[in-house]
Amino acid sequence: MLEGELAAGAAVPSLYVSQIAPIFEKHCVACHKPSKHKANLRMDSYDLLMAGGDSGPPVVAGSLEKSDLYRRITLPADDEEFMPTDGKPALSPAEIKLIADWITAGAKP
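Described below are features of the structure shown in this document. Not measured: the values here are computed from a predicted model.

Definitions and limits used
Residues numbered from 1 in each chain as written. Predicted model: local features only at pLDDT ≥ 70, side-chain atom pairs only at ≥ 80, totals over all residues. Heavy atoms only, no water. Helix = DSSP H or I, 4+ residues; strand = E, 2+ residues; numbered from the N terminus. Contact = heavy atoms within 4.5 Å. Areas by Shrake-Rupley, 256 points an atom, 1.4 Å probe, with all protein chains shown as cover. Lys, Arg positive; Asp, Glu negative; His and termini not counted. Charge placed at Lys NZ, Arg CZ, Asp CG, Glu CD. Expected span 1.5 Å × (residues − 1). Buried < 20%, exposed > 50% of the residue type's maximum accessible area, 1.4 Å probe, protein only. Arc of directions from axis to C-beta. 1 Å grid on protein atoms, 1.4 Å probe; cavity = no way out; pocket = protein on both sides within 12 Å on 5 of 7 lines; lining within 4 Å. Points joined across faces, edges and corners; volume = space filled by probe spheres on them. Nonpolar A, V, L, I, M, F, W, Y, C, P; charged D, E, K, R; others polar.

### So, the overall build of the protein chain
Piece 1. Each helix and strand counted, the protein chain has 4 helices and 2 strands in total.
Piece 2. The long-range share in the protein chain, meaning contacts at least 24 apart out of those at least 6 apart in sequence, stands at 48%.
Piece 3. Working note: accessible area of the protein chain is about 6600 Å², and carbon and sulfur atoms make up 58% of it.
Piece 4. Measuring between centres, the 11 positive side-chain charges of the protein chain sit 3 Å from its 15 negative side-chain charges.

### Description of helix α4 (residues 93–104)
Piece 1. For α4, spanning 12 residues, the distance from its first C-alpha to its last is 16 Å, which sits close to the expected 16 Å at 1.5 Å a residue.
Piece 2. Restricting attention to buried positions, one finds in α4 the residues Glu 95, Ile 96, Ile 99, Ala 100, Trp 102 and Ile 103. Within α4, the buried residues cover an arc of 165 degrees as seen down the axis, which keeps them to one side. Turned more than 90 degrees from where α4 packs its buried face, Pro 93, Ala 94 and Lys 97 sit exposed.
Piece 3. On its buried side, α4 packs onto α1 (15–27), α2 (46–51) and α3 (68–73).

### What about the layout of surface pockets?
Unfilled space is identified by rolling a water-sized probe across the atoms.
Piece 1. In this model, the largest pocket occupies a volume close to 390 Å³.
Piece 2. Along the walls of the largest pocket sit 21 residues, with His 32, Leu 41, Met 43, Arg 72 and Met 83 positioned nearest its centre.
Piece 3. Looking at which element gives the most residues to the lining of the largest pocket, the answer is α3, with 4 residues.
Piece 4. Here the lining of the largest pocket is composed, by residue class, of 11 nonpolar, 6 polar and 4 charged.

What follows is the structure, encoded as structure tokens:
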């Protein structure tokens, strides 16, 4: 087997595990974790993210238009609802595209 190949039957990490969760960890979890969960939203696990917070679920599988998370990360940076807040760096266009692709594909864990 060549380096980088997976053994037959080995599980391939999902898009959420390999790419989406690390984006959330980098940009979102500081304010949405067990010890501090703004708007009662936790983003430190898939199940908690999908359960939502004060504004309901932030992700609606298959719908960018209904996903508040996507709306907030694509607002102008000076909008009061733009995320992330508190001077934290905005997501890159590539990170936003990954999240959009994940939501559009069904937002699977």
